[in-house]
Amino acid sequence: MKVLVIGGGAREHALCRSLSQDPVVTELHCAPGNAGIAQVATVHPVDQLDGGQVTELARRLAADLVVIGPEAPLVAGVAEPLRAAGFAVFGPSPEAARLEGSKAFAKEVMAGANVPTARSYVCTTPEEAAEALDAFGAPYVVKDDGLAAGKGVVVTSDREAALAHAAACGRVVIEEYLDGPEVSLFAITDGTTVLPLVPAQDFKRALDGDEGPNTGGMGAYSPLPWAPEGLVDEVLRTVLQPTVDELRRRGTPFSGLLYAGLALTSRGTRVIEFNARFGDPETQVVLARLRTPLAGVLLAAAEGTLDTLEPLRWEEGAAVTVVIASEGYPAAPRTGDPIEGLAEAESADGSVHVLHAGTRVGEDGQVLSAGGRVLSVTATGADLAEARTRAYRAVERITLKGSHHRTDIALEAARQ
Ligand code: AMP
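Residues numbered from 1 in each chain as written. Predicted model: local features only at pLDDT ≥ 70, side-chain atom pairs only at ≥ 80, totals over all residues. Heavy atoms only, no water.

A. Geometry of the packing of aromatic side chains. Scanning the model with the defined rule gives 5 aromatic pairs in all. Note on Y121 and F136: the rings are 5.4 Å apart at their centroids and 35° apart in plane angle, and the pair reads as tilted. Pair noted here: Y121 is in strand β6 (residues 120-123) and F136 is in helix α7 (residues 126-136), with a separation of 15 residues, a long-range link. Take F136: its relative accessible area is 19%, and that puts it in the buried class. Through a chain of ring-to-ring contacts, the aromatic side chains of F90, F186, Y259 and F278 assemble into a single cluster. In this structure, R98 is placed above the aromatic ring of F105, and the distance from its NZ or CZ to the ring centre is 4.3 Å. Across the ring face of Y259, the terminal group of R277 is positioned such that the distance to the ring centre comes to 5.9 Å. (Phe/Tyr/Trp six-rings, centres within 6.5 Å; stacked < 30°, edge-to-face > 60°. Helix = DSSP H or I, 4+ residues; strand = E, 2+ residues; numbered from the N terminus. Buried < 20%, exposed > 50% of the residue type's maximum accessible area, 1.4 Å probe, protein only. Lys NZ or Arg CZ within 6 Å of the ring centre and 35° of its normal.)

Now the structure itself:
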């Protein structure tokens, strides 16, 4: 199978790494990729938002499967010309990807499917916003209606700050505050059959102890020893399957990766958000635990034959990923610095692997930082404590001037 992956972050590196280990994959390509992806796939300098360019590349490579990683090309509709040209595509249509692209649309679908979520109002004027804030009370939750790379949400007890965010965004969703721990649960679906993956937890704040600004994600781990038994079955029954059924019923079936961000509140499980693609950095730990070869699963989703697959197989142990971010991330990331120690950080037995997010190869062949989140250092182990120790030992071997990382990824969970 010839596979083309679209994207160039650590999520796509994780996808490419798993695909490269699948014996049915004879050729692996990625566009645009990054310095790490280039070690396992042939990379192509293509604008990932340009459906014409991507389709042309898929044609030239005679790809049997195209996997679209990030939200931006999905929402931009890059899947459409590919499908029209007859390619098998893993990733939803732009209509179905609105589940991520518009918070208001996601709320509408959830209401139609009876999926438990926070009560909310869509607001477009300062007056509406003020009224909604006062209806729910503090802490206030204000979400930009459009795509904001995980940074469009403000949770604050400061009413003025909540109002200011609403004014800056224009159209917002204001909703009730959900207490309780968060869980990310991914499911692969072909629009009818839904295959949940294993739950993971990510860390969105920049600093230890969940302090500092929101980021794209600073680390993740799986499994969740504290999660209630039967959680996956419950979420499949009450969230994932009804949502997939509702989108099919509306004539916009969702095929690809449905990501449910959940809060386990005192009043039950609630959806915080949906995404229309693999989450980053949770993908790094979920795929590190997946034993079933990946290409066949993604192809079955693209071709509508997921019901014929054997159940997915998982490693018994645990996985932890720690993100190394560049100086100044998330506000003003510094780029262009050399990264040392990459080879030393990886273990020969594969229990530690370093996934690249924002990297590129410099003129002299040196790997340079090229983004806010630079690396995702991923380790597996018999349990979370072992995976964590291995991940942090590897992090210490890597040097990047001014870089920072959280030191408490999976810390509490590993103690349980
Ligand atoms: P989102 O982009 O919707 O995932 O929101 C980003 C983060 O904001 C989430 O991971 C939560 O930590 C927080 N958040 C979003 N919605 C709520 C809510 N209704 N109550 C509490 N926290 C929330």
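B. Spotlight on helix α13 (residues 384-397). Here α13 spans 20 Å end to end across 14 residues, near enough to the 20 Å set by a 1.5 Å rise per residue. Those residues of α13 that sit buried are L384, A387, R388, A391, Y392, A394 and V395. All buried residues of α13 lie within an arc of 160° about the axis, which places them on one face of the element. On its buried face, α13 sits against β15 (219-222), β18 (318-325), α12 (342-345), β20 (352-356), β23 (373-381) and α14 (411-414). (Expected span 1.5 Å × (residues − 1). Arc of directions from axis to C-beta. Contact = heavy atoms within 4.5 Å.)

C. Examining the site of the ligand more closely. Around the ligand sit 13 residues in total, of which E175, E176, L178, E182 and E273 are the nearest. One of the backbone N or O atoms of E176 is found 2.9 Å from a nitrogen atom in the ligand. Contact with the protein chains covers 91% of the free accessible surface of the ligand, which is 470 Å². Its residues placed into classes, the shell around the ligand shows 6 nonpolar, no polar and 7 charged. (Near = heavy atom within 4 Å. Polar contact = N/O pair within 3.5 Å; in protein donor to acceptor, adjacent residues only side chain to side chain. Areas by Shrake-Rupley, 256 points an atom, 1.4 Å probe, with all protein chains shown as cover. Nonpolar A, V, L, I, M, F, W, Y, C, P; charged D, E, K, R; others polar.)

D. Structural context of the nonpolar core. With 73 residues, the main nonpolar core has L4, V66, I68, L82, L99, V320 and I398 as its most contacted residues. With residues up to four places along the chain from it excluded, the contact list for V320 reads A220, Y221, V285, V377, T378, A379, L384, A387, R388, A391, I409 and A410. (Core = buried A, V, L, I, M, F, W, Y, C linked by side-chain atoms within 4.5 Å.)

E. Main features of the environment of V232. The topology assignment puts V232 in helix α9 (residues 231-249). In this structure the C-alpha to C-alpha distance between V232 and V198, which are 34 residues apart in sequence, comes to 7.7 Å. The contact partners of V232, leaving out residues within four places of it in the chain, are L185, P196, L197 and P199.

F. Examining the side chain of D202 more closely. Within the secondary structure layout, D202 lies in strand β12 (residues 201-202). Non-local contacts of D202, meaning those with residues more than four positions away in its chain, are made with S184, G219, A220, Y259, P281 and E282.

G. View of empty space enclosed by the protein. Evaluated as defined, the whole model comprises 2 cavities of 30 Å³ or more. In this model, the largest cavity occupies a volume close to 80 Å³. Lining of the largest cavity is provided by 13 residues; of these, K103, A106, I272, E273 and F274 occupy positions nearest its centre. The set of elements that each furnish at least two residues to the lining of the largest cavity consists of α5 (94-101), α6 (103-113), β9 (172-175) and β17 (268-275). (1 Å grid on protein atoms, 1.4 Å probe; cavity = no way out; pocket = protein on both sides within 12 Å on 5 of 7 lines; lining within 4 Å. Points joined across faces, edges and corners; volume = space filled by probe spheres on them.)

H. The side chain of E175, seen in detail. Along the chain, E175 turns up in strand β9. Residue E175 is classed as buried on the basis of its relative accessible area, which comes to 4%. Looking at E175, its side chain comes within polar contact range of the side chain of K107, at 3.0 Å. Of the polar contacts made by the side chain of E175, one reaches the side chain of K143; its length is 3.2 Å. Excluding its chain neighbours within four sequence positions, the residues that come into contact with E175 are K107, A118, R119, S120, F136, V141, K143 and I272.

I. The arrangement of the sheet that holds strand β3 (residues 42-43) in detail. An order of β3-β2-β1-β4-β5 is seen for the 5 strands of this open sheet, with the pairing classed as parallel. If you trace the sheet from one side to the other, it starts and ends with β3 and β5 (89-90), each paired once. Here 6 bridges tie strand β1 (residues 2-7) to strand β2 (residues 27-32), and the two strands are oriented parallel to one another. Paired with L4 across the two strands is H29, which belongs to β2. Each of β1, β2 and β4 (65-68) is contacted by helix α2 (residues 51-61), which is oriented at about 160° to β1, the strand it contacts most. On the sheet, helix α11 (residues 294-303) packs against β4 and β5 and is oriented at approximately 90° with respect to β4. (Pairing = 2+ DSSP bridges. Axes fitted to C-alpha atoms, helices over the stretch in contact; angles between N-to-C directions.)

J. View of the packing of α6 against α9. Relative orientation of the contacting elements α6 and α9 amounts to 100°, with a least axis distance of 9 Å. Between α6 and α9, the angle is such that the two are roughly perpendicular. For the pair α6 and α9, contact is made by F105, V109, G112 and A113 and by P242, T243, E246 and L247, respectively. Within the contact of α6 with α9, the residues separate by chemical class into 5 nonpolar, 2 polar and 1 charged. (Parallel < 35°, antiparallel > 145°, perpendicular 65-115°, else oblique.)

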